[in-house]
Amino acid sequence: VQLQASGGGLVQAGGSLRLSCAASGRTFSYYNMGWFRQAPGKEREFVAWISWIGGLTNYAEAVKGRFTISRDNAKNMVSLQMNSLKSEDTAVYYCAADRIARRVAVLTIKEEYDYWGQGTLVTVSS
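Residues numbered from 1 in each chain as written. Predicted model: local features only at pLDDT ≥ 70, side-chain atom pairs only at ≥ 80, totals over all residues. Heavy atoms only, no water.

**Student:** Can you help me understand the overall build of the protein chain in this one?
**Tutor:** Within the protein chain, the secondary structure is distributed over 0 helices and 11 strands. In the protein chain, the succession of α and β elements from N to C terminus is β-β-β-β-β-β-β-β-β-β-β. In terms of overall size, the protein chain behaves like a compact globule, its C-alpha atoms giving a radius of gyration of 13 Å where 126 residues would be expected to give roughly 14 Å. Residue burial in the protein chain is summarised as follows: out of 126 residues, 44% are buried. (Helix = DSSP H or I, 4+ residues; strand = E, 2+ residues; numbered from the N terminus. Rg over C-alpha atoms; globule rule 2.2 N^0.38 Å. Buried < 20%, exposed > 50% of the residue type's maximum accessible area, 1.4 Å probe, protein only.)

**Student:** Sorry if this is basic, but what is going on with the environment of Ser126 here?
**Tutor:** Mapped onto the elements, Ser126 comes out in the segment after β11 (120–125). Judged by relative accessible area, which is 86%, Ser126 ranks as exposed. Measuring from C-alpha to C-alpha, the distance between Ser126 and Ser87 comes to 5.9 Å, with 39 residues separating the pair along the chain. Setting aside its immediate chain neighbours within four residues, Ser126 contacts Ala13 and Ser87. (Contact = heavy atoms within 4.5 Å.)

**Student:** Teacher, can you tell me more about the pairing of strand β5 (residues 45–50) here?
**Tutor:** Summarising burial for β5: 5 of the 6 residues are buried, a large majority. Note that β5 and strand β6 (residues 57–59) share 3 bridges and pair antiparallel. Counterpart to Ala48 in the pairing with β6 is Tyr59. Hairpin connection between β5 and β6: a loop of 6 residues separates the two successive antiparallel strands, and Gly54 in this loop has a positive phi of roughly 90 degrees. (Pairing = 2+ DSSP bridges.)

**Student:** How do you make sense of the packing of aromatic side chains when you look at a structure like this?
**Tutor:** Scanning the model with the defined rule gives 7 aromatic pairs in all. Between the NZ or CZ atom of Arg44 and the centre of the ring of Tyr94, over which it lies, the distance is 3.6 Å. Taking NZ or CZ as reference, Arg71 lies 4.5 Å from the ring centre of Phe28, over its face. (Phe/Tyr/Trp six-rings, centres within 6.5 Å; stacked < 30°, edge-to-face > 60°. Lys NZ or Arg CZ within 6 Å of the ring centre and 35° of its normal.)

**Student:** What's the story with the pattern of salt bridges in this structure? I'm lost.
**Tutor:** Two side chains carrying opposite charge are able to pair once their charged atoms lie near each other. This structure, assessed with the given rule, holds 9 salt bridges. The salt bridge involving Asp89 is made with Arg66; its shortest N-O contact spans 2.7 Å. Remark: Arg66 occurs in the loop between β6 and β7 (67–72) and Asp89 occurs in the loop between β8 (77–82) and β9 (91–98); sequence separation between them is 23 residues. For Arg99, the salt bridge goes to Glu112, with nearest N and O atoms at 3.3 Å. You can see Arg99 sitting in the loop between β9 and β10 (113–116) and its partner Glu112 sitting in the loop between β9 and β10, a full 13 residues away along the chain. It is possible to trace a salt-bridge network through shared partners that takes in Arg37, Glu45, Arg66 and Asp89. (Salt bridge = Lys/Arg side-chain N within 4 Å of Asp/Glu carboxyl O.)

Structure (structure tokens):
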């Protein structure tokens, strides 16, 4: 699976951004998808997950209630709607695809993902 993330930018605290990730290659609809982020000097951390079937989702506590992950299998696209942004949300955001197709599992660690987009920078000014 090849992934291309987009939609990052500069936004004021309290604002919104929508990130998109376009997939190509293998059958996108068979893969759990995730969003991760990496702030300067920090480890890459889990943000959100969406299942390959059933539309199940899971979020990091830090973004729960503010971010929404979704997917459109017809368009081979996964999105992350980010509302009420805070300065601590500033990071490079990466989309990722599960290393195993059609797996039933909630994936919150980066080692469970084999396919990564190039990242898109989100900067939230306070």
